[in-house]
Amino acid sequence: LFPLPQQTPALLQNIPECLVENLADFAMFLKHSGLDTLDNSTDEQKHLITFCTVFIGNSQLLHNPHLRAKLTQLLSLMIPQEEDETRQTIQPSVEIKKLLFESHPIACGHLVESLLTIFIDIEHTGDSMEFEDKFQYRIPMYDILEFLWSLPAYKPSN
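To start, this report covers the structure provided alongside it.

Cut-offs used in this document
- Residues numbered from 1 in each chain as written.
- Predicted model: local features only at pLDDT ≥ 70, side-chain atom pairs only at ≥ 80, totals over all residues.
- Heavy atoms only, no water.
- Helix = DSSP H or I, 4+ residues; strand = E, 2+ residues; numbered from the N terminus.
- Buried < 20%, exposed > 50% of the residue type's maximum accessible area, 1.4 Å probe, protein only.
- Contact = heavy atoms within 4.5 Å.
- Areas by Shrake-Rupley, 256 points an atom, 1.4 Å probe, with all protein chains shown as cover.
- Expected span 1.5 Å × (residues − 1).
- Polar contact = N/O pair within 3.5 Å; in protein donor to acceptor, adjacent residues only side chain to side chain.
- Phe/Tyr/Trp six-rings, centres within 6.5 Å; stacked < 30°, edge-to-face > 60°.
- Lys NZ or Arg CZ within 6 Å of the ring centre and 35° of its normal.
- Axes fitted to C-alpha atoms, helices over the stretch in contact; angles between N-to-C directions.
- Parallel < 35°, antiparallel > 145°, perpendicular 65-115°, else oblique.
- Left-handed = near helix turned anticlockwise from the far one by under 90°.
- Nonpolar A, V, L, I, M, F, W, Y, C, P; charged D, E, K, R; others polar.
- Bend = angle between axes of the 7 residues up to and from the residue.

Bringing the overall build of the protein into the picture now. A tally of helices and strands in the protein yields 8 helices and 0 strands. Taken across its 158 residues, the protein has 43% of its residues classed as buried. Sequence separation of 24 or more characterises 69% of the internal contacts of the protein that already satisfy a separation of 6 or more. Put simply, the protein shows about 9,000 Å² of open surface, and 56% of that area lies on carbon and sulfur atoms.

Below, the structure is given as structure tokens:
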């Protein structure tokens, strides 16, 4: 899958952006509503990590930088949160979430690069009245990068 070929496959280029937005909205709804549907399924999380890694950093697949930034918000919901470390509930442990990212072959090689690409692309949106939005988009990116750089598998990405 990586690196993507120079000629992007038509199948990937023709995914409607509304479908990507609906996927991101639904997954974020599941996380915010307290349903453990995603937390209890590492296979689905692996697919979402792959999806986010591919689409966040590639403006040929998703032209809208705001939608690509929305995918970073989705990705940030899959990293361990501070409350995960302090709560003693049945939620997946921090170690399971770390292992999910450390064992993901595509993310280990390309997620940091994809995040930095969208980080820069957001700056070039040209909308001066969206100054605050640029920072709102970057907050989850900071959290994800901080988490990834704490994992040994991502150290070579520095």
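As for its position among the elements, Leu48 is in helix H3 (residues 42–56). Here the alpha-carbon distance between Leu48 and Leu75, two residues 27 residues apart in the chain, equals 7.9 Å. Apart from the residues within four sequence positions on either side, Leu48 is in contact with Leu23, Ala27, Leu38, Leu74 and Met78.

A few words now on helix H4 (residues 65–76). Taking 1.5 Å per residue as the helical rise, H4 with its 12 residues ought to reach 16 Å, and the 17 Å between its terminal C-alpha atoms agrees with that figure. Summarising burial for H4: 10 of the 12 residues are buried, a large majority. All of the buried residues along H4 are Pro65, Leu67, Arg68, Ala69, Lys70, Leu71, Thr72, Leu74, Leu75 and Ser76. If you check the start of H4, you find a side-chain oxygen 2.8 Å away from the backbone N of His66, and it comes from Asn64.

What follows deals with the packing of aromatic side chains. Taken as a whole, this structure holds 4 aromatic pairs when the rule is applied. Look at Phe101 and Phe147: their rings are 5.4 Å apart centre to centre, the planes differ by 80°, and that puts the pair in the edge-to-face class. Taken as a pair, Phe101 in helix H6 (residues 94–102) and Phe147 in helix H8 (residues 131–149) lie far apart in primary sequence, 46 residues in all. Overall, the relative accessible area of 9% leaves Phe147 in the buried class. The lysine or arginine in question, Arg138, covers the ring of Phe119, its NZ or CZ lying 4.1 Å from the ring centre.

Attention now moves to the packing of H3 against H6. As a packed pair, H3 and H6 sit with axes 10 Å apart at the nearest point and diverge in direction by 45°. In terms of their interaxial angle, H3 and H6 are classed as oblique. When the axes of H3 and H6 are compared, the crossing they make is right-handed. When H3 is examined against H6, the residues Thr42, Gln45, Lys46 and Ile49 are found in contact with a partner set consisting of Ile96, Leu100 and Phe101. Its residues assigned to classes, the contact of H3 with H6 shows 4 nonpolar, 2 polar and 1 charged.

Given 3.6 residues per turn, any residue in an α-helix points the same way as the ones three and four places further on. The end-to-end C-alpha separation of helix H7 (residues 105–123) is 29 Å, in line with the 27 Å expected for 19 residues at 1.5 Å each. The sharpest bend along H7 reaches about 45° and sits at Leu111. Of all the positions in H7, only Ile106, Ala107, Cys108, Leu111, Val112, Ser114, Leu115, Ile118 and Ile122 are classed as buried.

Before going further, it helps to spend a moment on the packing of helix H2 (residues 17–32) against H4. It is at 10 Å that the axes of H2 and H4 come closest, and there the two elements cross at 25°. With respect to each other, H2 and H4 are oriented roughly parallel. In terms of crossing hand, the pair formed by H2 and H4 is left-handed. For the pair H2 and H4, contact is made by Glu17, Val20, Glu21, Ala24, Asp25, Ala27 and Met28 and by Leu67, Lys70, Leu71, Gln73 and Leu74, respectively. Classifying every residue of the contact of H2 with H4 gives 7 nonpolar, 1 polar and 4 charged.

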